[in-house]
Amino acid sequence: MASTDLSINTDVHHAHEEHEEHHHQNFFEKYIFSQDHKVIAKQFLFMGIMWAFIGGFLSILFRMQLGWPEATYTFLEPILGGWVTNGKIDPEFYLAMVTMHGTIMIFFVLTAGLSGTFANFLIPLQIGARDMASGFMNMLSFWIFFLASIIMLSSLFIETGPAAGGWTVYPPLSALPQAIKGSGTGMTLWLISMALFIVSQLLAGINYITTVINLRTRGMSMTKLPLTIWALLLTAILGVLSFPVLFSAALLLIFDRSFGTSFFLSDIYIAGEALAHSGGTPILFQHLFWFLGHPEVYIVILPAFGIVSEVIATNSRKPIFGYRAMIGSLLGISVLSFVVWAHHMFVTGMNPFLGSVFMFLTLIIAVPSAVKVFNWLATLWRGNIRFTTAMLFAVGFVSLFISGGLTGIILGNSALDIQLHDTYFVVAHFHLVMGAAAFFGMFTGVYHWFPKMFGRMMDEKLGAVHFWMTFIAVYLVFMPMHYIGIAGFPRRYYAWTGFESFNTFTDLNTFISLAAIIGFSAQFIFLFNFIYSILRGRRATENPWHSNTLEWTTPVLPGHGNWPGPLPTVYRWPYDYSKPGAPEDYIPQTVPFSQTQSSNMPQERDLE
Amino acid sequence: MVAKINEDANDAAGVHPLKFALWLIIISIIMMFAAFTSAYIVRRAEGNWLEFDLPSILALNSAIIVLSSITMQLAYFSAKKNNLGTLKMMLLLTVGLGTAFLIGQWYAWGDLVQNNIYFGGSGANPAGSFIYVLTGVHGFHIITGLIFLLIVLASSLRYKIHSKKMLRIQLCTIYWHFLGGLWLYLYFFLLLNH
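Definitions and limits used
- Chains are numbered independently. Their residues run from 1 in the order of the written sequence.
- Whichever chain is written first is A, and whichever ligand is written first is 1; the rest continue in order.
- For a predicted model such as this one, the threshold for reporting local features is a pLDDT of at least 70, and the threshold for listing and counting side-chain atom pairs is 80 or more; totals across whole chains, interfaces and linings nevertheless cover every residue.
- Secondary structure follows DSSP: runs of H or I at least 4 residues long count as helices, runs of E at least 2 residues long count as strands, and numbering of each begins at the N terminus.
- Atoms considered for the radius of gyration are the C-alpha atoms alone. The globule rule reads 2.2 Å times the number of residues to the power 0.38.
- Here the C-beta atoms are placed from the backbone, and a residue counts as buried if at least 20 other C-beta atoms lie within 10 Å of its own, exposed if 12 or fewer do, and partly exposed otherwise.
- Contact between two residues is assigned when their C-beta atoms, built from the backbone, lie within 7 Å.
- By our criterion, buried Ala, Val, Leu, Ile, Met, Phe, Trp, Tyr and Cys residues that link up through C-beta atoms within 7 Å make up a nonpolar core.
- Summary of the metric used: pLDDT quantifies the predictor's per-residue confidence within the range 0 to 100.
- Here an angle of 0 to 180 degrees is reported between the N-to-C directions of two axes, which are lines fitted to C-alpha atoms, with helices fitted over the stretch in contact.
- Reported orientations rely on four angle classes, namely roughly parallel under 35 degrees, roughly antiparallel over 145, roughly perpendicular from 65 to 115, and oblique for the rest.
- With the far helix as reference, a near helix turned anticlockwise by less than a right angle produces a left-handed crossing, and one turned clockwise produces a right-handed crossing.
- One less than the number of residues in a helix, times 1.5 Å, gives the span that helix is expected to have.
- Only Asp, Glu, Lys and Arg are considered charged in this grouping, and only Ala, Val, Leu, Ile, Met, Phe, Trp, Tyr, Cys and Pro are considered nonpolar; every other residue, Gly among them, is considered polar.

**With respect to the overall build of chain B**
Counting its regular elements, chain B contains five helices and zero strands. Secondary structure elements of chain B, listed N to C terminal, follow the sequence α-α-α-α-α. If you line up chain B on its principal axes, its C-alpha atoms span 60 × 35 × 25 Å.

The structure is reproduced here in structure tokens:
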């Protein structure tokens with residue numbers, strides 16, 4: 001780990017000289033191999049959006065198979081080629097699509113796209129830093145992610161198809177190329193890509209944590225940090241602690257696949273022939289995987305928590321309710337996320353006593369989650385709510401988080417899980433609570449910080465259409481899934497028409513697929529709005545939302561170094577909205593108490 | 001090279017950002033080995049576990065790595081006191097001992113193979129495979145440590161390390177001590193659990 005190479009552009013400080021200098025940067029230094037956190041954030045955002053459309057498109061393909069199992073899909077031959085034979089989607093390719101949809105959405109969109117965009121963009125801007133602690137490491141993180149992306153993307157085009165063992169890549173299925181076509185080259189590429197992805201996430205996470213801890217501006221104590229930064233900091237900590245474990249698991253799996261070891265394999269017969277592997281245990285992989293896998297769902301949702309808290313407070317024109325409780329619940333969720341992994345493994349034959357311990361710990365997570373929901377609702381309560389598009393998505397997030405979270409209480413029960421494990425009930429639960437909800441968090445962030453990213457505003461009308469279509473479609477897709485899940489309908493099945501008991505759900509499946517197609521089409525409205533607004537959107541002002549945090553004290557388009565003059569000094573917390581006695585309904589963090597004597601609280605008099 | 005970015009920032013932690021980042025890197029490496037060693041324990045508890053004697057050369061290797069930590073620390077002290085001649089010699093000695101450790105580990109692998117303990121293949125038991133993985137991944141990190149040492153050695157030859165410019169050698173010392181400590185943990189872990 002050649003830490004000495006992590007040099008930092010020392011010019012960053014001398015803002016005036018630096019201004020001169022960045023005009024001399026050529027195109028590659030400025031937009032491609034940039035070390036500026038804002039450019040890297042945009043690179044992550046563009047990649048994330050691209051991946052989201054690929055991942056979404058795959059889900060539409062397999063929803064078509066589920067919704068109209070009898071239909072012929074000859075018209076897909078130009079796209080899918082050999083994966084459609086006689087108008088039927090190949091069953092193994094169906095599994096590959098499900099696998100890739102999960103992998104892409106969880107890792108490439110909602111981890112890299114969400115944290116990558118907003119941690120990079122917001123951390124330096126909201127804590128008052130010129131850039132990340134190490135711009136070079138930050139750039140490296142993006143380009144390793146880019147390499148991982150290319151490898152993952154290329155696996156979609158190889159003859160044996162991409163990995164097909166589910167996004168959790170459980171061995172022995174994923175370990176044996178004989179088992180399924182996708183466990184051949186596709187799985188190898190998956191593992192290489194994920195190993196690179198983990199390296200990228202570690203570089204990024206180390207940078208985020210270092211920056212938040214070390215580079216806060218004068219006056220920015222930990223209890224004056226916006227909740228976005230708290231959430232992103234804890235996300236990075238979770239990543240640094242859990243991704244190495246996935247790396248270990250992936251490494252052992254690579255050894256099992258390519259070097260003939262038997263960590264996860266034992267006593268396997270394929271086509272009547274015994275394999276040489278002996279002495280391994282596949283459950284071990286599940287333990288290692290879910291030790292990452294469970295914190296991973298919080299890596300996905302915590303940034304959304306932060307973004308939503310910020311947007312709800314700003315657009316309710318009210319201080320966030322229970323700021324310290326919000327930090328406390330973030331901390332609580334982060335700690336608990338490491339001790340609940342085995343609730344994904346209730347049906348692996350684990351000791352029922354151990355199961356009840358994990359059940360107990362899992363259900364405790366409901367407490368900090370409920371604290372958060374309560375605080376969001378209490379912030380909205382009697383606020384002067386402005387329904388900007390970002391606010392719509394933030395409120396939508398709270399709604400999805402509640403409806404998805406409630407089923408978590410059911411699934412966390414080791415007894416109920418016996419019926420519900422690996423059914424569409426699980427699919428519905430996690431899509432609402434971490435899939436759609438995290439996407440809503442991402443949309444909230446994009447709509448809210450778009451003016452600071454691109455200096456222009458997004459169209460609010462198109463935004464509202466996008467919101468309502470997406471919001472309704474999400475519920476229309478996932479609510480019915482609960483019902484088929486309770487009926488025992490298993491996930492990842494290519495065809496279910498052969499089962500008498502599930503035939504009654506044909507209409508419901510068609511309905512879900514239709515809703516999914518509508519929801520996916522709505523995203524093109526967003527794409528149009530996004531691209532059009534970058535090019536032609538209405539020009540933004542410095543602080544269009546009348547927000548308090550530091551990023552809105554920068555110029556409309558902040559240059560490299562963020563603030564043209566000295567760094568701002570922070571005097572107050574970020575949530576002084578509608579303070580009684582103040583002339584405006586917001587007081588930015590940079591305004592000292594001596595200038596706001598009319599609105600100071602008795603305890604703030606000392607600070608004047 | 002040295003980050004001055006926090007010059008006008010509130011340096012709350014009082015630690016240089018790169019040093020802080022190094023500690024985070026160390027934490028992530030610890031998590032990786034925590035995963036391996038807990039997997040080892042879980043797997044061993046399942047039975048069907050091959051018991052064998054550890055190669056005796058591992059004890060010698062452990063002594064070598066402890067020695068290299070001492071020379072590294074001496075290099076650090078001499079940099080602090082501006083004894084640049086001693087600094088170079090100690091750094092060179094550390095590189096030499098680090099390489100000797102790696103060669104020793106290689107011989108340990110040879111020992112294992114002679115005793116029919118294989119990494120993979122039909123005769124391999126996870127008990128053996130785990131030893132190769134633990135020593136191999138640790139060895140990889142030793143290589144990164146050696147590269148870091150060589151960078152520090154190169155800059156010491158150009159007189160770029162002295163009492164006013166300690167960051168680089170300080171980071172290198174922390175990393176090298178960590179790698180030594182990590183090996184001692186792995187060695188005692190293997191002694192206790194085989």
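**Points about the overall build of chain A**
For chain A, the helix and strand inventory stands at 17 helices and four strands. For chain A, whose C-alpha radius of gyration is 25 Å, the value lies close to the compact-globule estimate of 25 Å for 608 residues. In terms of overall dimensions, chain A has a C-alpha envelope of 80 × 50 × 50 Å along the principal axes. By the burial criterion, 55% of the 608 residues in chain A qualify as buried. Within chain A, residue pairs in contact and separated by at least 24 positions form 79% of the contacts whose partners lie at least 6 positions apart.

**Digging into the environment of Gly136(B)**
In this structure, Gly136(B) sits in helix H4 (residues 126–157). Judged by the 14 C-beta atoms lying within 10 Å of it, Gly136(B) falls in the partly exposed class.

**With respect to the nonpolar core**
All names here are of chain A. Core analysis: the biggest nonpolar cluster contains 222 residues, and Ile209, Leu232, Leu233, Ala249, Ala437 and Ala438 have the highest contact counts within it. Examining the composition of this core, we find that 23 residues originate from one element, helix H5 (residues 91–127), more than from any other. Apart from residues lying up to four places away in sequence, Leu233 is in contact with Tyr208, Ile209 and Val212.

**A closer look at the confidence of the model for chain B**
Residue and element names in this part refer to chain B. Within chain B, residue pLDDT values average 90, and 93% of them lie at 70 or more. Taken as a whole, residues 1–12 scores under 50 in pLDDT and shows 34 contacts with residues more than four places along the chain or in a different chain. Model confidence for the complex: the whole-complex pTM is 0.92, and ipTM, which rates the interface, is 0.90.

**Looking at the confidence of the model for chain A**
When pLDDT is averaged across chain A, the result is 91; 96% of the residues are at 70 or more. Note on residues 1–22 of chain A: pLDDT under 50 across the span, and 46 contacts to partners over four residues away in sequence or across chains.

**Quick word on the environment of Ile32(A)**
Looking at the element boundaries, Ile32(A) is found in helix H2 (residues 27–32). Along the backbone, Ile32(A) and Trp143(A) are 111 residues apart, and their C-alpha atoms lie at a distance of 9.6 Å.

**Describing the packing of H4(B) against helix H5 (residues 167–192) of chain B**
All names here are of chain B. Two elements in contact, H4 and H5, have axes separated by 10 Å at closest approach and are oriented at 160 degrees. Considered as vectors, H4 and H5 are oriented roughly antiparallel to each other. When you trace H4 past H5, the crossing you get is left-handed. Along the contact surface, H4 presents Ile131, Leu134, His138, His141, Ile142, Gly145, Phe148, Leu149, Val152 and Ser155, while H5 presents Arg168, Ile169, Cys172, Tyr175, Trp176, Leu179, Leu182, Trp183, Leu186 and Leu190.

**Here we look at helix H6 (residues 135–155) of chain A**
All names here are of chain A. Over its 21 residues, H6 runs 31 Å from end to end, which matches the ideal 30 Å to within 8%, given 1.5 Å per residue. Every buried residue of H6 is accounted for by Gly135, Met137, Asn138, Met139, Leu140, Ser141, Phe142, Phe145, Ala148, Ser149, Met152 and Ser155. Of the surrounding secondary structure, the elements contacted by the buried residues of H6 are helix H3 (37–67), H5 and helix H7 (185–214).

**A look at the packing of H3(A) against H5(A)**
Residues and elements named next belong to chain A. Where H3 contacts H5, the two axes come as close as 8 Å, and the packing angle between them is 160 degrees. Judged by the angle between their axes, H3 and H5 are roughly antiparallel. Both H3 and H5 take part in a crossing whose hand is left-handed. When grouped by side-chain class, the residues that make up the contact of H3 with H5 number 23 nonpolar, 10 polar and one charged.

**Here we look at unusual backbone geometry**
Residues and elements named next belong to chain A. At the junction of Pro171 and Pro172, the peptide bond is cis and its omega measures out at 5 degrees in the coordinates. As for its position among the elements, Pro172 is in the loop between H6 and H7. The backbone of Arg317 sits at a positive phi, close to 50 degrees, despite the residue not being glycine.

**Some remarks on the environment of Lys38(A)**
Within the secondary structure, Lys38(A) is located in helix H3. Beyond its immediate stretch of four places on either side in the chain, Lys38(A) contacts Phe121(A) and Pro558(A).

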